[in-house]
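Each chain, written out:
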Amino acid sequence: MSKISATKTIAAMLSVATIGAAISFGTVTASAGDKNVTEDQIIRALAPVKKPLTRGLAAGPRHTIDPAVAASESRFVQKIRGRTTRSLSVSERAEIATVVKDKPKIDLEINFDYNSADINAKSLPSVQALGRALTNADLKGSTFVVADHTDAAGSETYNQDLSERRADTIKRYLVDNFGINGSDLVTVGYGESQLKDPNQPLAEVNRRVQVVNLENKATASK
C-alpha cells in the first residue's frame, strides 16, 4: 500500500470515529458546506427523546428524570423565554449550558462574513434548512436554544460581543423568514468560553452554532 493510500485510509477511520463519538454524546455535528446537511437531518437530531419520569420496577439502572428537576428547568425556561441575548447574565448562560446538556442538539457550521455578524451567502442554505426544520410539525412549538460559539482568535470581550450579535442574526433571520415566534428562540452567545477543541483554540471546529430542543411545548408560543 502506498503512503498516500495509507494516509487516506487512516483519515477515513478517524473521520468515522469522530462521527461516532459525536453521536454517542448526543450531539450531531453538521457542516454548512456539506450538501448532505438537510432539514430531515436536523429534525432527526432535534427530535425529543422520550424518558420516564420515575424509576420503573424492573431491575437494573434506568435513566430517569426527577420531577422536581424537570419543574425547576421548566421555570427557568419560562424565565429566559423572550429575553434578549445581551440581557442574559454570566450565571444564566452557565445555567443554560447545564440545562441543555442532555437535550437533543445539533452543531451547525454556519459561517459569517469576516469579523461580522452577517451570515455568509454560502451558509444561507443551512440556515434555511434550520428554519424549515423548526417549523416542521415534529418540532414546531418547542422552545429552542440557539447558541453561537467562536474560536479564540481575538480578545475574550470581542469574541463574546461578536458571538451575541451572530446569535441575534440567526434569530432575526428565522423570525423574519419563517415566522417563528421570537420567544420560542432563546439566543445565547458563549464567545470562546466553550471551545469544542480546547487543544486547538483557533481550529475551525470551535466556530459553530449549536441548536438545542428544550422540549418545552407547555410554555412555547405564548
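Refer to the structure presented above.
My aim in this report is to walk through the structure given alongside it, one point at a time. This one's a predicted model, so the numbers in the text were calculated from it and none came from an experiment. (Residues numbered from 1 in each chain as written. Predicted model: local features only at pLDDT ≥ 70, side-chain atom pairs only at ≥ 80, totals over all residues. Heavy atoms only, no water.)

### Quick word on the environment of Leu202
(1) Moving on: Within the secondary structure, Leu202 is located in the loop between strand 4 (185-191) and strand 5 (208-213).
(2) Moving on: Judged by relative accessible area, which is 56%, Leu202 ranks as exposed.
(3) Moving on: When residues no more than four places from it in sequence are discounted, the contact partners of Leu202 are Asp151, Ala152, Ala153 and Arg207. (Helix = DSSP H or I, 4+ residues; strand = E, 2+ residues; numbered from the N terminus. Buried < 20%, exposed > 50% of the residue type's maximum accessible area, 1.4 Å probe, protein only. Contact = heavy atoms within 4.5 Å.)

### Remarks on the environment of Glu192
(1) Moving on: One can find Glu192 in the loop between strand 4 and strand 5.
(2) Moving on: Note: C-alpha distance between Glu192 and Glu156 (36 residues apart in sequence) is 6.6 Å.
(3) Moving on: The residues contacting Glu192, other than those within four sequence positions of it, are Thr150, Asp151, Ala152, Gly154, Ser155, Glu156 and Asn159.
(4) Moving on: Looking at Glu192, its side chain comes within polar contact range of the side chain of Asn159, at 2.7 Å. (Polar contact = N/O pair within 3.5 Å; in protein donor to acceptor, adjacent residues only side chain to side chain.)

### Side note on the pairing of strand 5
(1) Moving on: Counting buried residues along strand 5, six of its six residues qualify, which places the element largely inside the surrounding structure.
(2) Moving on: By the alternation rule, side chains of strand 5 split into Arg208, Gln210 and Val212 and Val209, Val211 and Asn213, which are all buried.
(3) Moving on: Pairing of strand 2 (residues 105-109) with strand 5, which is carried by four bridges, proceeds in the antiparallel orientation. Across the sheet, residue Ile106 finds its bridge partner in strand 5, namely Val211. (Pairing = 2+ DSSP bridges.)

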